[in-house]
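Fold and contact review
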Amino acid sequence: MARKKELQDHTRYIPSLLEDIMSDRFSRYAKYIIQERALPDARDGLKPVQRRILYAMYHDGNTWDHPYRKSAKTVGLVIGNYHPHGDTSVYDAMVRMSQDWKVRLPLIDIHGNNGSIDDDPAAAMRYTEARLAKVTEVMEDDLDKNTVEMTPNFDDTEMEPTVLPVPFPVMLVNGATGIAAGYATNMPPHNLGEVIDATIYRLNNPECSLSELMDIIPGPDFPTGGIVQGAEGIEEAFRTGHGRIVVRGKADIIEGKTCNQIVITEIPYEVIKSDLVKKMDDIRLSREIDGILDVRDESDRQGLKIVADIRKDVDAQMILNYFYKNTDLQIYYNYNNVAIVDQTPVQIGLIGLLDAFINFRKEVVLRRSQFQKEKMEARCHVIEGLMKAVSILDEVIAIIRKSKDKADAKKNLMARFGFDEPQAEAIVTLRLYRLSNTDITELRNEFADLTNRIEEVTDIIENKNVLRSVIVKELKAVKKEYDDPRRTRIEKQVSDIVIDKTAMIASEHVMITVSRDGYLKKVSLRSVQASEGQETGLKDGDEYLGSIECDTTDTLLLFTSHGNYAYVPVWQIDDGKWKDIGSHLNKIARIDGDDKIRSAILVKSFDTYAWIVTITSGGQIKRTPVRDYQIQRNSKVVTAITMTKGQELLRAFLAYPKDALLLVSKDGFSTRYDLEQVPVQGVRTRGVRAQNFAKGDVLVSACTITQHDNAVLAVTKDGLMKRVKLEEIPVNNRPSRGNLIAKRVKTNPHELALVRPAASGQTLCFYDPDRKEVRAADIPLKPVTATFGQPVELKQNWYFQSGIEECRIIDRPAGLEEKVHDDEEQLSLFDSEEN
């Protein structure tokens, strides 16, 4: 029996795939939130929750001409009768319809704290009071005239309207935002007067073009004002329902005696004022740009006002442009006009929205006229009965007196004189005092008046021109009562934001230091002088590349072992004391953990006729104009030379016209050739072959040779040194193997590590890790056939302080056009003769 019962229970189940069930349920849910929650109806421009709030307040008599009522009562009515959702969502929707910085025409009048433009929340619903705004009287007055379809509420206890009979395009005036399943809407507000004028024009000219309408509505009109830029974006949005415009705040620059001021009186739509002020002040505190003395919010009951004090010697317009670029003082607003049209979500443009409203309004006025006609015809019929009864009054009274009750009297009158039910009802309920001559005259006048009005509404129903004139008249009445001036200024062109950061940086003379591991600091000259010649701070195991005096407006180029370079404006380097190790390069430009700084070049102006030569351990070399290294964004390192796997960048150094190059390999082979033999190439190229090598030999060092140099320094890996007269090093053609720069010892050959020009009056600096200075004059001058000496003892892990090169500004020869090559030679690590 149990088995049989189990089988019977199973017959109640219908097998279905889980994915089919989920798909069906989600489709229903998505359809519901699209049609019944998130998207507005194109006819009245309202979401269901907004419509239900307005109807509940109207139905409860909570209108503009009555006292305020507790907001909690309204919320309770809405969720109890029409909208079975959370009270918070209903109250939030109610509050938004009252906020004049979010909607162009508030529909709710809240007494109490309804939030602020600083994103302060509204007071709880138990503390605030609300009523309908006055404008809603023209939106709901026709509800009792059968103008719209009514539908049962969620529990079939009451009826609610499917749409409100609004007399103007609410959607265009107040805009809309919402997110549904697979759909979203984002419509900006527009000016009421312009929208009504455009509606009237479209009504009278059904075939008008979009450009004609845009002559009336030039663009959105935000409640917070501001400036809208981009006629093309507005036109695209009006045409397709999708487009992007630029919205910026309104700001004026006021010159004062002690400082200048940027005064902002209007901000972009839906920007939180407190967040904007905080971001502006953060820029001041972080000193991203120099010259901002103070940022404060001076808004009061008179209106919005944000003030930024600017130093007199700084370009205030440049700082304003920086605010536009880096804060929400300028934003992009994206149109996404999606509305419900015929129960379907549609992306719709300006003409579509106007047509949807016009068609709906025609239907409302026709239904209202038909309702009024039927009501007036019924009244005329009753008046006819009353006037007939007066003419036979004695008989009517006699019949009524003989009747048993009201029902019997009505029956007898209908039988005796041919009255119908409404007429008989009116006769038996007529009071005796209404039988005077005055009231009989009033009945005749009322009948005549109703007859004329019936003719008028009949014309509305039957004549399209009359219907149109009625709609136009009502639109003009709304405009006369509720129109206000445009707040947002429309500009056809989008202004380019030009920011010259160097113009906003205070020029200050400082000292900067650079280390191999990427630690930088900017030190005031006073701090350097106070150090009294002490060594600068350095992390354990790091190497000191050098320091240089410069201006905060200069730029530092740092070349790394991975073949990249970092573009570092000096003003971006963190301030520090001379004994500090500084901040890591990663704060300015991201760099790999194993990438090391090999060379540093200071550039005061990129407009110079100079090159940067980059050379790799694999024997690649190229020269690139200094101007090619200038970039706009410096948040990460950029490729300086493309290298094959296993290579490293040896060095990057400056070169000028008429310079020569000197290269030396590990085995001591040196080659010397003119700079012109190295082609000019772009920053991301591989370069060309610099020198031929025997198997196992590699390039270890390179430098420029000027016309004034007469000797070079050669240093071995073991720290042995000698100077060689430049005239003893022959000039070759690239890429020869070159000649030995020192006698090669077969039993224990020296490995070369460094080559540099060395004038007799020059002082060279080595670390092991102690600092050791060597005068070039103390290093023996030997021929290429001689070996090395040891003027100073260096420990095994010594390094040479290469320093920071400063780029000279050299004018480009007149009429010279320098060709930049992108072609590359085939590279080989070995000389073909040796292979």
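Keep in mind that what you see is a predicted model, and the values were worked out from it rather than measured. (Residues numbered from 1 in each chain as written. Predicted model: local features only at pLDDT ≥ 70, side-chain atom pairs only at ≥ 80, totals over all residues. Heavy atoms only, no water.)

**Details of unusual backbone geometry**
In this structure, Pro735 follows Arg734 across a cis peptide bond, with omega equal to 5°. A cis amide bond, omega 5°, links Asp768 with the succeeding residue Pro769. Here Pro769 lies in the loop between β37 (763–767) and β38 (771–775). Positive phi is not limited to glycine here, since Asp119 has a value of about 70°. Tracing the chain through its elements places Asp119 in the loop between β2 (108–111) and β3 (129–132). The backbone of Lys658 sits at a positive phi, close to 75°, despite the residue not being glycine. Along the chain, the position of Lys658 falls in the loop between β28 (649–655) and β29 (660–665). Taking the relative accessible area as the measure of exposure, Lys658 reaches 63% and is therefore exposed. (Helix = DSSP H or I, 4+ residues; strand = E, 2+ residues; numbered from the N terminus. Buried < 20%, exposed > 50% of the residue type's maximum accessible area, 1.4 Å probe, protein only.)

**Some remarks on the side chain of Asp221**
Relative to the helices and strands, Asp221 is located in the loop between α9 (210–216) and β8 (227–229). There is a polar contact of 2.8 Å between the side chain of Asp221 and the backbone nitrogen of Arg487. Ignoring sequence-local partners within four residues, the contact set of Asp221 consists of Arg104, Pro189, His190, Asn191, Pro485, Arg486, Arg487 and Thr488. (Polar contact = N/O pair within 3.5 Å; in protein donor to acceptor, adjacent residues only side chain to side chain. Contact = heavy atoms within 4.5 Å.)

**Overview of the domain arrangement of the chain**
Considered domain by domain, the chain is made up of domain 1 (34–166), domain 2 (250–328), domain 3 (365–487) and domain 4 (507–807). One C-alpha centre belongs to domain 2, the other to domain 4, and the line joining them spans 45 Å. (Domains from an automatic or database assignment.)

**Comments concerning the UniProt feature "site: Interaction with DNA" (unreviewed entry) in the chain**
As recorded in UniProt, the feature "site: Interaction with DNA" (unreviewed entry) lies at Lys47, His83, His85, Arg96 and Lys102. Sequence-wise these annotated residues cover 56 residues; spatially they are dispersed, their C-alpha atoms as much as 23.4 Å apart. Tracing the chain through its elements places His83 in the loop between α4 (71–81) and α5 (87–96). A relative accessible area of 4% places His83 in the buried class. Ignoring sequence-local partners within four residues, the contact set of His83 consists of Val49, Arg52, Val78, Val90 and Phe154. With respect to the secondary-structure elements, His85 resides in the loop between α4 and α5. (UniProt positions renumbered as here; feature names shortened; annotations may be inferred.)

**Regarding the sheet that holds strand β34 (residues 721–725)**
Note: strands within a sheet are paired through backbone hydrogen bonds, in either parallel or antiparallel orientation. Judged by pairing direction, the sheet is antiparallel, and its 3 strands sit side by side in the order β34-β33-β36 without closing on themselves. Two strands bound the open sheet, and with one partner strand each, they are β34 and β36 (752–757). Across this sheet, the average inter-strand angle for adjacent strands is 25°, counted without regard to direction. In this structure, strand β33 (residues 711–716) lies alongside β36, joined through 5 bridges in antiparallel fashion. Residue pairing across strands places Val712 opposite Pro757, the latter belonging to β36. (Pairing = 2+ DSSP bridges. Axes fitted to C-alpha atoms, helices over the stretch in contact; angles between N-to-C directions.)

**Describing the confidence of the model for the chain**
When the pLDDT values of the chain are averaged, the result is 88; 93% of them are 70 or greater. In the model, residues 823–835 has pLDDT below 50 throughout and makes 30 contacts with residues more than four positions away in sequence or in other chains. (pLDDT = per-residue confidence, 0-100.)

**A short note on the sheet that holds β3**
Read across the sheet, 3 strands follow the order β1-β3-β2 without closing on themselves; strand pairing throughout is antiparallel. Every other strand in the sheet has two partners, leaving β1 (69–70) and β2 as the edge strands with one partner each. When β2 meets β3, the two strands line up antiparallel, connected through 4 bridges. Within β3, the residue paired with Ile110 across the bridge is Ala130.

**A word on the pairing of strand β32 (residues 699–705)**
Most of β32 sits out of view: 6 of its 7 residues are buried. Note that β29 and β32 share 6 bridges and pair antiparallel. Its bridge partner being in β32, Leu663 is matched across the sheet by Ala702.

**Considering the side chain of Thr685**
You can see Thr685 is positioned in the loop between β30 (669–674) and β31 (688–689). Separated by 2.8 Å, the side chain of Thr685 and the backbone oxygen of Gly682 make a polar contact.

**Quick word on the pattern of salt bridges**
For the structure shown, the criterion picks out 54 salt bridges. Residue Glu474 is joined to Arg368 by a salt bridge in which the shortest nitrogen-to-oxygen separation is 2.6 Å. In this pair, Glu474 is assigned in helix α18 (residues 464–482) and Arg368 in helix α13 (residues 350–391), connecting sequence segments 106 residues apart. This pair shows no difference in class: Glu474 is buried, exactly as Arg368 is. The salt bridge involving Lys717 is made with Glu751; its shortest N-O contact spans 4.0 Å. A residue pair is termed long-range when its members are at least 10 positions apart, and Lys717 in the loop between β33 and β34 and Glu751 in the loop between β35 (739–740) and β36 qualify at 34 residues. On the accessibility criterion, Lys717 (52% relative accessible area) is exposed. (Salt bridge = Lys/Arg side-chain N within 4 Å of Asp/Glu carboxyl O.)

**Let's talk about the layout of surface pockets**
Its boundaries defined by the atoms lining it, the largest pocket holds a volume of some 1,000 Å³. Surrounding the largest pocket, 31 residues form its lining, Glu543, Arg598, Val700, Ala753 and Tyr799 being those nearest its centre. Counting residues per element, the ones that place at least two in the lining of the largest pocket are β20 (544–551), β24 (597–603), β28, β32, β36 and β39 (799–800). (1 Å grid on protein atoms, 1.4 Å probe; cavity = no way out; pocket = protein on both sides within 12 Å on 5 of 7 lines; lining within 4 Å. Points joined across faces, edges and corners; volume = space filled by probe spheres on them.)

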